[in-house]
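Here is what each chain is made of, one letter per residue.
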Amino acid sequence: MKKKNYLILLIVLVLVAAVIAVGLLVRNSMLEKEKADAIILKANGKEIIIPISSLNQEEFTGETVNGKGDHFSYSYRGIELKALLEKNKISPDSITSVTAIAADQFSAAYTGDEVREAKRVYLAVQVDGVTVEGIEKGKPGVQVIVFGDPNSKRLVRNLQTLEIQ
Amino acid sequence: MKRITARELAVMAICLTLGLLAKRIVSPLTNSLTDFFRIPGGSAAVGISLAFLVVGRRMTNVPCAATMMGFVQSFLALALGMSGYQGILAVLSYTLPGIVIDLTAYFIKQHSMLYCFTACILGAVASALMSNIIAFHLKGLSLLLWLLLAALSGALGGYIAGLVSARLSIIIK
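Residues numbered from 1 in each chain as written. Chains lettered and ligands numbered in written order. Predicted model: local features only at pLDDT ≥ 70, side-chain atom pairs only at ≥ 80, totals over all residues. Heavy atoms only, no water.

Would you mind going over the overall build of chain B with me for this structure?
Scanning chain B from terminus to terminus reveals six helices and zero strands. Helices (α) and strands (β) of chain B occur, in sequence order from the N terminus, as α-α-α-α-α-α. Relative to its length of 173 residues, chain B is compact, with a C-alpha radius of gyration of 15 Å against a globular reference of 16 Å. Dimensions of chain B, computed from the C-alpha atoms along their principal axes, are close to 45 × 30 × 25 Å. When burial is assessed residue by residue, chain B has 53% of its 173 residues classed as buried. In chain B, once contacts between residues fewer than 6 apart in sequence are set aside, the share between residues at least 24 apart is 73%. (Helix = DSSP H or I, 4+ residues; strand = E, 2+ residues; numbered from the N terminus. Rg over C-alpha atoms; globule rule 2.2 N^0.38 Å. Buried < 20%, exposed > 50% of the residue type's maximum accessible area, 1.4 Å probe, protein only. Contact = heavy atoms within 4.5 Å.)

This is how it looks when you write it as structure tokens:
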């Protein structure tokens, strides 16, 4: 092999190594960025990253109940949890429960029957026209809305992960 | 100024067409790589396309052969809807690598593997830089990766160009 060919081979190898190293750095930082403005759906050992902006699908209204038993009625924008699962090819009929985990690790569980019930469990990105704020000020967030549920602690704010069982 | 012969024009026409075709064929494959790294596709395919410009330059000996081929390629790309987001500015991103390939011939002996290799790498990097200025506006590490992929594809394209043109020069004299 000529000296020049060795040089060419060396340059190609250096370029391949540089592409792999920089490529993985870029990919990791992009994934972090994507996760920051998204929620993660964990099902069947897979992780699906769903951008928060894609959750703004429909308008819905309903009554929520706080810990004192007071009733509140708001207008929301977001998506029904059942519809989100179907959109990601997860059959609501096959699930037993869904756990919502917030950015501060607070979590709440919803039964399969609740999720399957029409117009019951939603993910909201806007309340009365105001964008739901995430854990970082000024950034969008997601809140779980369960209509007619007297336990207001299940209205998880700053939703980060949904684990499907 | 040296007159361009009909044979040289034919070689240039074939090379520029093959270059465009190669880009179209290789793009889906290279896009799977750039999708993995989450950067726009394109830079990883440019080197294979430029390989044919280098072959054309080496086979014809016309001082501005690559520039002319790149210029004509840009209008073909516009006509075939291959210019993407660049629109009419694709003329710049297609012609610039041609200019770089022609200029490299003034510094490195044209009939060597080193010329093909260097010209293709520099051409690919110039093309990627121009596309970034015109359309993609990548910064930092993403831009570095974009340019490295262009350089890598240029290196592979240059090596292929060197091998092909060495064989062809025996057949076509």
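What should I look at first to understand the pattern of salt bridges in this one?
Opposite charge on two side chains makes pairing possible when the charged atoms of those side chains draw close. Residue and element names in this part refer to chain A. Under the defined criterion, the tally for this structure stands at seven salt bridges over all chains. Residue E59 pairs with R77 through a salt bridge whose shortest N-O separation is 3.9 Å. Placement of the pair is E59 in strand β3 (residues 58-65) and R77 in strand β4 (residues 71-80), with a sequence separation of 18 residues. Between E117 and R120 there is a salt bridge, with its nearest N and O atoms 3.2 Å apart. With relative accessibility at 16%, the residue R120 sits in the buried group. (Salt bridge = Lys/Arg side-chain N within 4 Å of Asp/Glu carboxyl O.)

Please explain the domain arrangement of chain A as it appears in this structure.
Bring the parts together and some accessible area is lost; that lost area is often taken as the interface size. According to the domain assignment, chain A consists of domain 1 (1-36) and domain 2 (39-164). Spacing between the C-alpha centres of domain 1 of chain A and domain 2 of chain A amounts to 41 Å. (Domains from an automatic or database assignment.)

Whenever I open this one, the packing of helix α1 (residues 3-36) of chain A against helix α5 (residues 113-136) of chain B confuses me. Can you help?
Two measures define how a pair of helices packs: the angle their axes make with one another and the distance between the axes. Between α1 of chain A and α5 of chain B, whose axes approach to 11 Å, the crossing angle comes to 20 degrees. In terms of orientation, α1 of chain A and α5 of chain B fall into the roughly parallel class. Note that α1 of chain A runs across α5 of chain B; the crossing there is left-handed. Within the contact between the two elements, α1 of chain A uses I8, I11 and V12 of chain A and α5 of chain B uses M113, F117 and I121 of chain B. The residue makeup of the contact of α1 of chain A with α5 of chain B, split by class, is six nonpolar, no polar and no charged. (Axes fitted to C-alpha atoms, helices over the stretch in contact; angles between N-to-C directions. Parallel < 35°, antiparallel > 145°, perpendicular 65-115°, else oblique. Left-handed = near helix turned anticlockwise from the far one by under 90°. Nonpolar A, V, L, I, M, F, W, Y, C, P; charged D, E, K, R; others polar.)

What am I meant to see in the packing of aromatic side chains here?
For any pair of aromatic rings, geometry is given as the distance between the ring centres together with the angle between the planes. Counted by the stated rule, this structure contains ten aromatic pairs over all chains. Arranged with centres 6.1 Å apart and planes meeting at 75 degrees, the rings of Y74 of chain A and Y76 of chain A form a pair that is edge-to-face. With centroids separated by 5.1 Å and ring planes inclined at 75 degrees, the aromatic side chains of F71 of chain B and F75 of chain B adopt a geometry described as edge-to-face. Of this pair, F71 of chain B and F75 of chain B both sit in helix α3 (residues 65-79), four residues apart, roughly one helical turn. The class of F75 of chain B is partly exposed, set by a relative accessible area of 40%. These aromatic residues form a ring-pair network of at least three members: F60, F72, Y74, Y76, Y122 and F147 of chain A. The ring of F36 of chain B is capped by R27 of chain A, whose NZ or CZ atom sits 4.0 Å from the centre of that ring. (Phe/Tyr/Trp six-rings, centres within 6.5 Å; stacked < 30°, edge-to-face > 60°. Lys NZ or Arg CZ within 6 Å of the ring centre and 35° of its normal.)

What's the story with the interface of chain B and chain A in this structure? I'm lost.
Across the boundary between the two partners, chain B contributes 17 residues, which contact 16 residues of chain A. Summed over both sides, the interface between chain B and chain A buries roughly 1700 Å², with carbon and sulfur atoms accounting for 83% of that surface. At the boundary of chain B with chain A, the tally comes to zero salt bridges. Inspection of the chain B/chain A interface yields one residue pair in polar contact (both at pLDDT 80 or more). Going through the elements one at a time, α5 and α6 (140-171) of chain B are the ones with two or more residues in the side of chain B that touches chain A. In terms of residue count, α6 of chain B provides more of the side of chain B that touches chain A than any other element does, ten residues in total. When the residues that make up the side of chain B that touches chain A are grouped by side-chain class, the tally is 15 nonpolar, one polar and one charged. (Buried area = accessible area lost by both parts, 1.4 Å probe. Polar contact = N/O pair within 3.5 Å; in protein donor to acceptor, adjacent residues only side chain to side chain.)

Looking at this structure, how should I read the packing of α5 of chain B against α6 of chain B?
Residue and element names in this part refer to chain B. Running from N to C, α5 and α6 cross one another at 145 degrees; their axes reach a closest spacing of 7 Å. At the point where α5 passes α6, the crossing takes the right-handed sense. Tallied by class, residues from the contact of α5 with α6 come to 19 nonpolar, seven polar and no charged.

Would you take a moment to explain the confidence of the model for chain B for this structure?
As a general rule, the predicted coordinates of low-pLDDT regions are not to be interpreted in detail. Model confidence for chain B is summarised by a mean pLDDT of 88, while 99% of its residues fall at 70 or above. If you check the scores for this complex, the pTM reads 0.72 and the ipTM reads 0.80. (pLDDT = per-residue confidence, 0-100.)

Just checking my understanding: could you explain the sheet that holds strand β6 (residues 107-111) of chain A for this structure?
Remark on secondary structure: sheet strands pair via backbone hydrogen bonds, oriented parallel or antiparallel. Residues and elements named next belong to chain A. Strand order in this open sheet of five strands is β2-β1-β10-β5-β6, and the pairing throughout is mixed. The open sheet has two edge strands, β2 (46-51) and β6, and neither has a second partner. The average angle at which neighbouring strand axes cross in this sheet is 20 degrees, direction not considered. In terms of strand pairing, strand β5 (residues 97-102) meets β6 through five bridges, oriented antiparallel. Its bridge partner being in β6, V98 is matched across the sheet by Y110. (Pairing = 2+ DSSP bridges.)

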